[in-house]
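# Coordinate analysis (summary)
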There are 2 protein chains.
Amino acid sequence: MINELKSVPEPTLRRLPVYLHYLKDIYKAGKSEVSTTNIAGELKLDPTQVRKDLAYTGIAGKPKVGYDVEVLISTIEDFLNWNNLTDAFLVGVGNLGMAILGYNGFKKYGLNIIAAFDNDPAKIGREIHNVPVLPIEKLSDLIKRMHIHIGILTVPATEAQKITALMIQGGIEAIWNFAPASLKVPEEIVVENAGFTTSLAVLTRKLAEKLK
Amino acid sequence: MINELKSVPEPTLRRLPVYLHYLKDIYKAGKSEVSTTNIAGELKLDPTQVRKDLAYTGIAGKPKVGYDVEVLISTIEDFLNWNNLTDAFLVGVGNLGMAILGYNGFKKYGLNIIAAFDNDPAKIGREIHNVPVLPIEKLSDLIKRMHIHIGILTVPATEAQKITALMIQGGIEAIWNFAPASLKVPEEIVVENAGFTTSLAVLTRKLAEKLK
DNA sequence: AGTTAATAGAGAAAAATTTCTCGATATAAT
DNA sequence: ATTATATCGAGAAATTTTTCTCTATTAACT
Ligand SMILES: NC(=O)c1ccc[n+]([C@@H]2O[C@H](COP(=O)([O-])OP(=O)(O)OC[C@H]3O[C@@H](n4cnc5c(N)ncnc54)[C@H](O)[C@@H]3O)[C@@H](O)[C@H]2O)c1
Ligand SMILES: NC(=O)c1ccc[n+]([C@@H]2O[C@H](COP(=O)([O-])OP(=O)(O)OC[C@H]3O[C@@H](n4cnc5c(N)ncnc54)[C@H](O)[C@@H]3O)[C@@H](O)[C@H]2O)c1
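We now turn to the structure provided with this report.

### Remarks on the relation of the copies chain A and chain B
With an RMSD of 0.0 Å, the operation that places chain A on chain B is a rotation of 180 degrees combined with a shift of 0.0 Å along the axis. Here the two chains are linked by the operation of a two-fold rotation axis. The rotation axis passes nearest to the C-alpha of A:Ala99 in chain A, at a distance of 3.2 Å.

Structure follows, in structure tokens:
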């Protein structure tokens, strides 16, 4: 049990990146210390909740001052494993896949997309923002040979399960799924649905409630 | 109280679109009735939870059989207001903005993007997938004149607050924010963070826990 | 040095959410 | 008709998450 990571409530996990963005902002603005009263006030949360959330990362604060912003940032990043680059493959170089490849920001979140895959001959062989597009047939084998842990899924929903199977066949550990589909995977595979539609549901329902 | 919409737990709201995708799949496959035992089994949830979630939409099921798939689909869609098209503006025609404009799917979710805005002269005046790109200076005024309720934010995080202010000035009701930034808005404005990073945090942490 | 103010952190309480239990009911089989 | 079975729906119980309360600690002020 000594080396086992405490399991964290998902709501906490959802809030940590929010704190991180705020912390980086104030760090850039020159603040070196911050209290939970402070964070909570800005983000409209309860200070105790922020303290409980931060406690999961193991950081210690000082009464009367709060936390060292720089230390807090790197503690959260460590906690999320965003300080270690993890190699990832992306499958489906369409509208969304290209946008993700074109986004430089993921390295800041520990994600290093080293290859993309597609079944469209017009796309195979090209490079999108320095990432080579390879034929889908090579996916399983390359996951295995390169020990890739994370697969990003940006194919149409109808193809999602098929590609998932290929990823699992290659030994993938985690799938970041952007397709509006519920993937069937064995127990031990981590799946996170990026869920545009989930987010949109919250928006549209709240708007409907608001407009009575 | 008679016309007031019940406020729904957010976890429920998050699961409803998941049910919807599954329901559409089995409907296409020819199934006309489905039980919560069934749904829960496929999606690895608790049947009671599925029943409680569905109860929020007001639908009634039949003992021994379950629910009528077609009715259930449209009941959930009504509940989320996805059967009524709502006009929306998008701001920030970059990698992600273009991908969203290129995605035909949002109409299925009640979202009708009728114009996009940018401050890059190279983009202004163009049409991306039949959506005109207009100068950012016109944003506030057009929101007001066209009574736009939903704004989609896909500008860099550094610009997010500025554009938010413009939207609010125009009288926007809800903002779907894709930038990694916490927007400051008045109480009554609905903000939903699409949160790539939030989703990624859940993924990377679970993976870290798994790999010990 | 003593006093005051702000805040961390721990534990208790409250609220929200999930899971369990059970009776009622519709369907199918005998 | 009777019986067996699957499932809904309501309420209770358990669990998880959030909020409250209090004490100890640190820093600034007098
Ligand atoms: N574009 C968006 O803004 C957006 C928003 C929400 C959700 N999504 C979801 O993301 C996914 C991709 O959307 P998109 O707009 O990029 O679609 P797209 O059609 O532009 O891209 C899909 C890509 O996948 C490739 N592909 C298809 N079948 C394949 C297979 N069997 N093997 C390998 N490659 C295959 C296609 O060649 C294409 O390049 C879809 O599931 C969509 O629902 C997209
Ligand atoms: N591309 C992705 O996959 C991705 C993933 C996660 C998050 N995001 C976030 O989405 C946002 C957009 O990302 P992107 O990759 O599309 O960036 P991008 O730089 O490609 O696009 C930004 C667009 O916004 C426009 N813009 C900038 N300032 C503006 C202003 N003041 N008024 C009007 N328009 C303005 C730019 O001209 C550009 O067209 C960013 O906040 C990014 O962090 C993107």
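So much for the structure itself; the text now carries on.
### Some words on the packing of helix H1 (residues 10-28) of chain B against helix H2 (residues 36-43) of chain B
Residue and element names in this part refer to chain B. Where H1 meets H2, the closest approach of the two axes is 11 Å, and the angle between their N-to-C directions is 105 degrees. Here H2 runs roughly perpendicular to H1, going by the angle between their axes. In this structure, H1 contributes Val18, Tyr19, Tyr22 and Leu23 to the contact, and H2 contributes Asn38, Ile39, Glu42 and Leu43. Taken together, the residues of the contact of H1 with H2 sort by class into six nonpolar, one polar and one charged.

### Things to note about the site of ligand 2
In the vicinity of ligand 2 lie 24 residues, with A:Tyr103, B:Leu96, B:Asp118, B:Lys123 and B:Val155 positioned nearest. Per-site note: the chains with residues close to ligand 2 are chains A and B. Between ligand 2 and the protein, one listed contact pairs an oxygen atom with a backbone N or O atom of B:Val155 at 2.7 Å. Separating an oxygen atom of ligand 2 from a backbone N or O atom of B:Ala157 is a distance of 3.5 Å. Out of a free accessible area of 820 Å², ligand 2 has 86% covered by protein chains. When contributions to the shell around ligand 2 are tallied by element, the ones reaching two or more residues are helix H5 (95-102) of chain A together with helix H5 (95-102) and helix H7 (157-170) of chain B. The dominant element in the shell around ligand 2, judged by the number of residues it contributes, is H7(B), at three residues. Class assignment for the residues of the shell around ligand 2 results in 15 nonpolar, five polar and four charged.

### Some remarks on the nonpolar core
Ranked by size, the top nonpolar core spans 100 residues in total, and within it A:Leu23, A:Trp176, B:Leu23, B:Leu54 and B:Trp176 carry the most contacts. Apart from the residues lying within four places of it in its own chain, the contact partners of B:Leu23 are B:Val34, B:Ile39, B:Val69, B:Leu72, B:Ile73 and B:Ile76.

### Topic: the interface of chain A and chain B
Listed per partner, the contact involves 62 residues of chain A and 62 residues of chain B. Around 5,800 Å² of area is buried between chain A and chain B when both sides are counted, 66% of it from carbon and sulfur atoms. Here A:Lys206 ties to B:Glu10 by a salt bridge, and the two come within 2.9 Å at their closest N and O atoms. For the side of chain A that touches chain B, the secondary-structure elements that each account for two or more residues are helix H1 (10-28), helix H2 (36-43), helix H4 (69-80), H5, strand S8 (174-177), strand S9 (190-193) and helix H8 (196-210) of chain A. Sorting elements by how many residues they give to the side of chain A that touches chain B places H8(A) first, with 15 residues. Within the side of chain A that touches chain B, the residues separate by chemical class into 35 nonpolar, 13 polar and 14 charged.

### Here's the deal with the pairing of strand S7 (residues 150-153) of chain B
All names here are of chain B. Burial along S7 is two-sided: the face carrying Ile150 and Ile152 and the face carrying Gly151 and Leu153 are both buried. Bridge count for strand S3 (residues 86-91) against S7 is four bridges, and the pairing is parallel. Bridging from a neighbouring strand, Phe89 pairs with Gly151 of S7. Sheet analysis places S7 next to strand S8 (residues 174-177), joined by four bridges and oriented parallel. When the sheet's bridge partners are listed, Ile152 is paired in S8 with Trp176. A crossover links S7 with its parallel partner S8, the connecting element being H7, and its sense is right-handed.

### Here we look at the site of ligand 1
Near ligand 1 you find 24 residues, and of these A:Leu96, A:Asp118, A:Lys123, A:Val155 and B:Tyr103 are the closest. Near ligand 1, the surrounding residues are drawn from chains A and B. Take A:Val155: an N or O atom from its main chain is 2.7 Å from an oxygen atom of ligand 1. When the free accessible area of ligand 1 is taken as 820 Å², the share hidden by the protein chains comes to 86%. It is helix H7 (residues 157-170) of chain A that provides the largest number of residues to the shell around ligand 1, a total of three residues. Here the shell around ligand 1 is composed, by residue class, of 15 nonpolar, five polar and four charged.

### Thoughts on the sheet that holds S3(B)
Residues and elements named next belong to chain B. Spatially, seven strands are ordered S5-S6-S4-S3-S7-S8-S9 in an open sheet, and the strand pairing comes out mixed. The open sheet has two edge strands with one neighbour each: strand S5 (127-128) and strand S9 (190-193). Two elements, S8 and S9, share four bridges in a ladder whose sense is parallel. Residue pairing for S9: Asn177 is matched across the bridge by Asn193. Of the strands in this sheet, S3, S7 and S8 are in contact with H7, which crosses S7 at around 165 degrees.

### Re the environment of A:Pro156
Within the secondary structure, A:Pro156 sits in the loop between strand S7 (150-153) and H7. On a C-alpha basis, the gap between A:Pro156 and A:Pro135 in space is 17 Å, while along the polypeptide they are 21 residues apart.

### Side note on the sheet that holds S7(A)
Read across the sheet, seven strands follow the order S5-S6-S4-S3-S7-S8-S9 (chain A) without closing on themselves; strand pairing throughout is mixed. Of all the strands in the sheet, the pair left with one neighbour each is strand S5 (127-128) and S9 of chain A.

Procedures and definitions
Residues numbered from 1 in each chain as written. Chains lettered and ligands numbered in written order. Predicted model: local features only at pLDDT ≥ 70, side-chain atom pairs only at ≥ 80, totals over all residues. Heavy atoms only, no water. Least-squares fit on C-alpha atoms with pLDDT ≥ 70 in both. Axes fitted to C-alpha atoms, helices over the stretch in contact; angles between N-to-C directions. Helix = DSSP H or I, 4+ residues; strand = E, 2+ residues; numbered from the N terminus. Parallel < 35°, antiparallel > 145°, perpendicular 65-115°, else oblique. Contact = heavy atoms within 4.5 Å. Nonpolar A, V, L, I, M, F, W, Y, C, P; charged D, E, K, R; others polar. Near = heavy atom within 4 Å. Polar contact = N/O pair within 3.5 Å; in protein donor to acceptor, adjacent residues only side chain to side chain. Areas by Shrake-Rupley, 256 points an atom, 1.4 Å probe, with all protein chains shown as cover. Core = buried A, V, L, I, M, F, W, Y, C linked by side-chain atoms within 4.5 Å. Buried < 20%, exposed > 50% of the residue type's maximum accessible area, 1.4 Å probe, protein only. Buried area = accessible area lost by both parts, 1.4 Å probe. Salt bridge = Lys/Arg side-chain N within 4 Å of Asp/Glu carboxyl O. Pairing = 2+ DSSP bridges. Right-handed = clockwise from strand over helix to strand, strands pointing away.

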